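So the chains spell out like this:
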Amino acid sequence: MPSRQKPLVDFTPITPSAPIAAKTHGWRAKCLQRLVRLDLPVPNTVALSFEAVRAIAAGNMPDLGALISLFDEGQLLSVRPSAENPDWGGPGALLNIGMNDERHAEIAARFGEPVATALYLSFVQSYAQHVARLDPDMFVATEPCLPALQAALYDYEKEMEEPFPQDPSRQLAEVLRSMARAWEGTSARLLRQAKGAPADAGLGLVVQAMAGGLGTAESGAGVIQFVESVTGAPQITGRFATRGQDRAAVSNNPQAIYLTRDPRGPSLEERHPDAFKALLAYGAICRERLREEMQIEFTVVEDKVWVLDALKVQRSSRAAVRIAVALARDGVITRQEALMRVTPRALSELLHRQVDPRGKRDVVARGIAASPGAATGRLVFTSSAAQASAARGEPCILVRRETSPEDIRGMHAASGVLTERGGMTSHAAVIGRGLGLPCIVGATGIRIDARNRVLETGRFKLAEGEIVTLDGTSGEVLAGAVDLLEPAQDEWFGDMLDWADAERDIGIRANADTPADARIARGFKAQGIGLCRTEHMFFEDDRLTVMREMIFADTSHDRAAALARLLPMQRSDFIELFSIMQGLPVCIRLFDPPLHEFLPHTREGMRELADALDKPLSEVTRRADELSEFNPMLGLRGVRLGVTLPEIYEMQARAIFEATIETGRRGEKVVPEIMIPLVSAMREVELVKARIDAVAAAVRVEKGVPFEYRLGVMVETPRAALRAAEIAQHAEFMSFGTNDLTQMTYGLSRDDAGRFMSYYVQAGVFPEDPFHVLDTDGVGELLLIAAARGRGVREGLTLSICGEHGGSPESIAFCRDAGFDYVSCSPFRVPVARLAAAQLAIRQKVAGVDAPDLR
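Summarised in this report is the structure supplied together with it. In this text, all values refer to a predicted model and were calculated from it rather than measured experimentally.

## Details of the packing of aromatic side chains
If you walk through the whole model with that rule in mind, you get 17 aromatic pairs. Note on Tyr 127 and Tyr 156: the rings are 6.2 Å apart at their centroids and 55° apart in plane angle, and the pair reads as tilted. Remark: Tyr 156 occurs in helix 7 (residues 146-160) and Tyr 127 occurs in helix 6 (residues 113-130); sequence separation between them is 29 residues. Judged by relative accessible area, Tyr 127 falls into the buried class, the value being 2%. Site record: aromatic cluster; members linked through ring pairs are Tyr 120, Phe 123, Tyr 127, Tyr 156 and Phe 164. Here the basic side chain of Lys 304 rests over the ring of Trp 306, its NZ or CZ set 4.7 Å away from the ring centre. Cation over ring: Arg 509 sits above Tyr 822, and NZ or CZ is 3.9 Å from the ring centre.

Here it is as structure tokens:
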């Protein structure tokens, strides 16, 4: 006969020296031990380890007699979950275990029948629903009274075919078994995995003596915190519920009173000043000794305060920054620790207006949160309507199936952009992030009727002019106007980024195409411009017509004549950029896009262009057809335009050099960086370099002023990466355009990949969208090859990336490890990059290794 398995004994009283750790007993058990070590008044508590809870789920119960003996005789108990990470959740707490007919009579004799009945009824209802798993509708909360209690006990016995259990040991056993098995359930496992928990994550349980709900009128439960969760400003917040027993008694309880004196009603400070003073002292102790802003769950029993639990204050991104900086200013934590407490991407939320999380949300549609921030405006369905709305001073939300370069002016005019199609690297997403414009792409379940200018979803039919709010941070479109929080670029934000700059060891530049972009970049303390895309300057009304004249020119002479009219415009742009950047490096990419992007795509647009150029519509249409390509992104663009239509690059080079001289006359020395896009062969670089050098020589002679400049290439093709040794002989720097390099490496269009990329990621084909997170294995290997080969022939070769990946913490880690000089990203991602780079440097210093932690 097999021996009977002994009960597992793996419960530990929480004392200062008990062997308790978050990895074995969970966060709550460890936090309670810290509170005990601080000599805070924590009720008697016992912790069950992950191993013990797994054993309970398998049917092996610990010695409950020994466990209960650790508490006072007749003591009511509570059981709470204690996962390794509080974000992973767990079963709900159960209170008043041990409540039975005998305890009901004892409490009624001491505190009155209503108090005893309320406790007993609440326990029966919770036990029936969460332990016995009976129909919740049979045990809904009712006004506590003896008939209600008797009815609940009767219904339990009828459903379970046995009386409500009276033995506290049996009650505790069933509660522990129910909570252990609930954690092991499929739904609970999937839910916590969605929050980042491993599939085999363990659950601990804490059994704690009840302390609350009984005694004088001031006895009860409450929660208190000492900072505001949205702003992080010092502020005592919370509530206190008379005769409550835990935080649940405070939630949505109109009878709960304020903590501090308040003209709107009574407060704990007035009714029970000694308890209030004690709470202030406990909060200060937690802040100093736990080195964190904590929310304390407490009870007051017969004038004594008990601390049931404490957890880190839930906080918005702006609050996280202020709290971390304030703790460092006060010497509670170091500056390095403060930097490590804020997620880099969270800074994006501080740069834009945000939907106030305290308000109500009526969701119209959901999509991909492509560019953070919030905006309220009237719906418009065309770029021209957006410009007209802006001219009237009315904020608008531009709605398109997908955007194109023709929509640039409309996007500039709009307060936010919503598209039916697209992904994180679609045109709308990229431009939106560059402009700091709230943007939602790939909105599911919407239908855009462009002809009738109507947006339809399952619940809504919204016409042009109706007001919506775009939450680009969450990806939700909200009906009507909602309360917004203003950007939080305050002293706390500034201190954090200044501290980050003192730690990081890789340069951070900004992609800036216009003077407005450059001002934003300077405001965020970018160390220069890493990518200025000059083609965006030509989409302004006064320039677009001249650009189109150049496109329709039949001879080199006619092209040069049209370009001569663009020259002063370009020169003026560069002078303003140089002046704004005040001597910091400015890397200017020469003209890149295919020419057809500057032509209208509609019949109406063609007719207007024919009128503007005084040409027959047939000629305009024919020329547009000639310029059309089967695959424009791989056609006549970039350096290929510079080789076949050299007048364009010659004009741009002259504008750069003349702007350099003019800026120098104003007392600001500039060494412009000129970047040749889309190179794939050394000979392309040689041809363009020869023409640029010739223009430089001519300008020096004409103006009689010496100047310097640097010439480099944008590596966007796999061949350029592989032939980097040859190309580097004629280039002083290489900047990797990872957007196009990813497209060409994968053979994927970034504008179309969003239609199926989620399926690929879910199926494990790709770990992440390679247009959103740099592919360090494939594309990254090309970067490493090019870096090694380029620096092999030119030791001082400057290396950087300037694609959308530039602001990604993962990409910065890769570039830093590879020895790159800087990364360049959109202006509104500069703060994110500054903090991410600092965190990498701090991790390396803490670890004492030569390579950053890439996890």
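From this point on, the discussion continues.
## Focus on the side chain of His 352
Structurally, His 352 is set in the loop between helix 13 (335-340) and strand 10 (354-355). Once residues within four sequence positions are removed from consideration, His 352 is found in contact with Arg 318, Pro 372, Gly 373, Gly 436, Leu 485, Glu 486, Pro 487 and Phe 828.

## Focus on the environment of Gly 458
Within the secondary structure, Gly 458 is located in the loop between strand 17 (454-456) and strand 18 (461-463). The spatial distance from the C-alpha of Gly 458 to the C-alpha of Thr 403 is 24 Å, given a sequence separation of 55 residues.

## Observations concerning the sheet that holds strand 4 (residues 94-97)
Reading across the sheet, the five strands line up as 1-2-5-3-4 and stay open at both edges, with antiparallel pairing between neighbours. The open sheet terminates on both sides in strands that have one partner only, identified here as strand 1 (11-13) and strand 4. With direction set aside, neighbouring strand axes in the sheet form an average angle of 25°. As judged from the two bridges shared by strand 3 (residues 77-83) and strand 4, these two strands associate in the antiparallel manner. Within strand 4, the position partnered with Val 79 by the bridge is Leu 94. Where helix 8 (residues 168-184) meets the sheet, its contacts fall on strand 2 (45-48), strand 3, strand 4 and strand 5 (203-209), and the angle it forms with strand 3 comes to roughly 20°.

## Regarding the packing of helix 17 (residues 491-503) against helix 33 (residues 830-847)
It is the contact of helix 17 with helix 33, at a shortest axis distance of 8 Å, that shows an interaxial angle of 50°. Considering their axes alone, helix 17 and helix 33 lie oblique with respect to each other. Judged by the sense of rotation from one axis to the other, the crossing of helix 17 with helix 33 is left-handed. For the pair helix 17 and helix 33, contact is made by Phe 493, Leu 497, Asp 498, Ala 500, Asp 501 and Glu 503 and by Pro 831, Arg 834, Leu 835, Ala 838, Ala 841, Ile 842 and Lys 845, respectively. Of the residues that constitute the contact of helix 17 with helix 33, the class distribution is eight nonpolar, no polar and five charged.

## Let's talk about the side chain of Thr 299
Within the fold, Thr 299 resides in strand 8 (residues 294-301). For Thr 299, a relative accessible area of 0% translates into the label buried. Here Ala 211 takes part through its backbone oxygen, which lies 2.4 Å from a polar atom of the side chain of Thr 299. If we skip the residues at most four places from it in the chain, Thr 299 touches Ala 211, Gly 212, Gly 220, Ala 221, Gln 245, Lys 304, Val 305, Trp 306 and Leu 308.

## Here we look at the packing of helix 6 against helix 8
Contact pair helix 6 / helix 8: the axes reach a minimum separation of 11 Å and the direction vectors enclose 45°. Taken as axis vectors, helix 6 and helix 8 run oblique relative to one another. Where helix 6 crosses over helix 8, the handedness of that crossing is left-handed. Two secondary-structure elements touch here, helix 6 through Phe 123, Tyr 127 and His 130 and helix 8 through Gln 171, Glu 174, Val 175 and Ser 178. Looking at the contact of helix 6 with helix 8 residue by residue, the class counts come to three nonpolar, three polar and one charged.

Calculation notes
Numbers given for residues are sequential positions, taken from 1 along each chain in its written order. Reporting in this predicted model follows two pLDDT cut-offs: at least 70 for local features of residues, and 80 or more for side-chain atom pairs to be given and counted; totals over whole chains, interfaces and linings ignore these cut-offs and use all residues. Calculated side-chain values reflect all of the structure's heavy atoms, with hydrogen atoms and water omitted. Only the six-membered ring of Trp is used, alongside the rings of Phe and Tyr, when aromatic pairs are assigned; centres must lie within 6.5 Å, and planes under 30 degrees apart are stacked while those over 60 apart are edge-to-face, with the rest tilted. The numbering of helices and of strands both runs from the N terminus, where a helix is a DSSP run of H or I of at least 4 residues and a strand a run of E of at least 2. Partly exposed residues are those whose accessible area sits between 20% and 50% of the maximum for their type, while under 20% is buried and over 50% is exposed, using a 1.4 Å probe and protein chains only. Remark: a charge is flagged as sitting over a ring if the NZ atom of Lys or the CZ atom of Arg is within 6 Å of the ring centre and within 35 degrees of the ring normal. A contact between two residues is defined here by any heavy atoms of the two lying within 4.5 Å. Pairing between two strands requires that DSSP report at least two bridges joining them. To obtain an axis, a line is fitted to C-alpha atoms, over the contacting stretch when the element is a helix, and the angle between two such axes runs from 0 to 180 degrees between their N-to-C directions. For classification purposes, angles smaller than 35 degrees are called roughly parallel, those larger than 145 roughly antiparallel, those between 65 and 115 roughly perpendicular, and all remaining angles oblique. The sense of a crossing depends on the near helix, which, turned anticlockwise from the far helix by less than a right angle, makes the crossing left-handed and, turned clockwise, makes it right-handed. Three categories are distinguished: nonpolar for Ala, Val, Leu, Ile, Met, Phe, Trp, Tyr, Cys and Pro, charged for Asp, Glu, Lys and Arg, and polar for the others, with Gly belonging to the last. Here a polar contact is taken to be a pair of N or O atoms separated by no more than 3.5 Å, where protein atoms must pair a possible hydrogen donor with a possible acceptor and residues adjacent in sequence count only if both atoms sit in side chains.

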